[in-house]
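# Fold and geometry: a report
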Amino acid sequence: GAGVSQSPSNKVTEKGKDVELRCDPISGHTALYWYRQSLGQGLEFLIYFQGNSAPDKSGLPSDRFSAERTGGSVSTLTIQRTQQEDSAVYLCASSLPGLAGNEQFFGPGTRLTVL
Amino acid sequence: SQQGEEDPQALSIQEGENATMNCSYKTSINNLQWYRQNSGRGLVHLILIRSNEREKHSGRLRVTLDTSKKSSSLLITASRAADTASYFCATGKSARQLTFGSGTQLTVLP
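Quick look at the structure, then. (Residues numbered from 1 in each chain as written. Chains lettered and ligands numbered in written order. Predicted model: local features only at pLDDT ≥ 70, side-chain atom pairs only at ≥ 80, totals over all residues. Heavy atoms only, no water.)

## Here we look at the state of the cysteines
All names here are of chain A. Just so we agree on the cut-off: Cysteine sulfur atoms are paired as a disulfide whenever they fall within 2.5 Å. Helix and strand assignments come from DSSP, with helices taken as H or I runs of at least 4 residues and strands as E runs of at least 2, each series counted from the N terminus. Summary of the burial criterion: residues with accessible area below 20% of their type's maximum are buried, those above 50% are exposed, and those between are partly exposed, where the area comes from a 1.4 Å probe applied to protein chains only.
This model, assessed by the stated rule, comprises two disulfides over all chains. Disulfide partner of Cys23: Cys92, at an S-S distance of 1.8 Å. Residues Cys23 and Cys92 are joined through a disulfide that is left-handed, its torsion about the S-S bond being -65 degrees. Here the residue Cys23 occupies a position in strand 3 (residues 19-24), and Cys92 occupies one in strand 8 (residues 88-95), the gap between them amounting to 69 residues. Comparing Cys23 with Cys92, the two get one shared label, buried.

## As for the side chain of Thr82 of chain A
All names here are of chain A. The condition that has to hold: Each polar contact in these results corresponds to two N or O atoms within 3.5 Å; when the atoms are within protein, one needs to be able to donate a hydrogen and the other to accept it, and residues that are neighboring in sequence are counted only if both atoms are side-chain atoms. Contact definition: two residues touch when any of their heavy atoms are within 4.5 Å.
Inspection of the secondary structure puts Thr82 in the loop between strand 7 (75-79) and strand 8. Within polar-contact distance, the side chain of Thr82 engages the backbone oxygen of Glu14 at 3.3 Å. Within the structure, the side chain of Thr82 is placed 2.8 Å from the backbone oxygen of Lys17, a separation counted as a polar contact. Beyond its immediate chain neighbours, meaning those up to four positions away, Thr82 contacts Thr13, Glu14, Lys15, Gly16, Lys17, Val19, Arg64 and Val114.

## Points about unusual backbone geometry
With an omega of -10 degrees, the peptide bond between Ser7 of chain A and Pro8 of chain A qualifies as cis. Along the polypeptide, Pro8 of chain A turns up in the loop between strand 1 (5-7) and strand 2 (10-13). Across the junction of Asp7 of chain B and Pro8 of chain B, the peptide omega takes the value 0 degrees, indicating a cis bond. Looking at the secondary structure, you find Pro8 of chain B in the loop between strand 1 (5-7) and strand 2 (10-14). Here Arg81 of chain A, not a glycine, exhibits a phi torsion of approximately 45 degrees, which is positive. Relative to the assigned elements, Arg81 of chain A resides in the loop between strand 7 and strand 8. Even without being glycine, Lys70 of chain B reaches a positive phi, approximately 50 degrees.

## Some words on the nonpolar core
Quick reminder of the rule: Only buried residues count toward a nonpolar core. Its members are Ala, Val, Leu, Ile, Met, Phe, Trp, Tyr and Cys residues joined through side-chain atoms within 4.5 Å.
Of all hydrophobic cores here, the largest spans 22 residues; its most connected members are Leu32, Trp34, Leu74, Ile76, Tyr87 and Leu106 of chain B. If we ignore the near neighbours within four places in the chain, the residues touching Leu74 of chain B are Ala19, Thr20, Met21, Trp34, Leu46, Leu61, Arg62, Val63 and Tyr87 of chain B. Counting 20 residues, the second-largest nonpolar core is a separate cluster that includes Val19, Phe49, Ile79 and Ala88 of chain A.

## Re the packing of aromatic side chains
For the record, the criterion: Ring pairs are drawn from Phe, Tyr and Trp, using the six-membered ring of Trp, whenever the two centres fall within 6.5 Å, and their geometry is named by plane angle: stacked under 30 degrees, edge-to-face over 60, tilted for the rest.
Enumeration over the complete set of coordinates arrives at eight aromatic pairs over all chains. With a centroid separation of 4.9 Å and 25 degrees between ring planes, the pair formed by Tyr33 of chain A and Tyr48 of chain A is classed as stacked. Placement of the pair is Tyr33 of chain A in strand 4 (residues 31-37) and Tyr48 of chain A in strand 5 (residues 43-50), with a sequence separation of 15 residues. According to the relative accessible area criterion, Tyr33 of chain A is buried, its value standing at 2%. Look at Tyr48 of chain A and you get buried, because its relative accessible area is 10%. Taken together, a centroid distance of 5.4 Å and an interplanar angle of 85 degrees make the contact between Tyr35 of chain A and Phe100 of chain B edge-to-face. Remark: Phe100 of chain B occurs in strand 10 (residues 97-100) and Tyr35 of chain A occurs in strand 4; the pair is interchain, linking two chains.

Right under this line is the structure:
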C-alpha cells in the first residue's frame, strides 16, 4: 500500500478483556516496529521485527503483551487481560533495513481506551 | 531513561518568526532524526542527520548536530500556523530501534 495502515483507529474495551491491534506495513519494508505513546508523552519502544530474525521483544512491558508478524508483512499486537494503564496510542512503523537505522514510516495509530 | 530530551517542552511564537528546538542525548549515535506529530497520532519524518554531518537543510528546516556536546538543534524559519505540532528527536544507534525524546510542543500563532 501507499503507507502504513493500522486498525482499528480507535478501540474501547473493558478492563480484563483481550485486544488485538493490526499493522500493515509498507510493501517491501522488512523492518517493523511497535511503539506506545501515553497522553502527552514521547514514544515508548515495544518490539522490533526484522525479516526472518527473532524479534526484539525487550520493550514489552509485561507478559500480557505479545506480537506476531506473519509472512514478514502484517503484524498483530495482542494485549491480554487489559488494564487501565494500557490506555494509550499504539503506533506501528516500518522501514527499509539498515545497520544504522533508517527513516521510519509511521501509521496513524490505534487509540486504545481501557475502561 | 529517555535517550533524547527536547528543550523547551513547549514553545509559542508568532507566525513568521523562527522556532528553535534543542535535543540532548547521552550515548554515542549513528544518526539523529527529527519527527513531527500532529494531533497525537502518526509521526512524520522530517530530516535525518548522520553522526559525521554537522548541518543539514531541508526547505525551511535547518538541523545541526554537535557530537562533542551530544546535542542537536532544529530551526524552522518563517514559521506558519501549519507548523503547529509536537516535534521529537530520535537517536539511532542501531537498526533495532529509535529512542525518542518527550517532544517539544510548538504553537505558531497567526
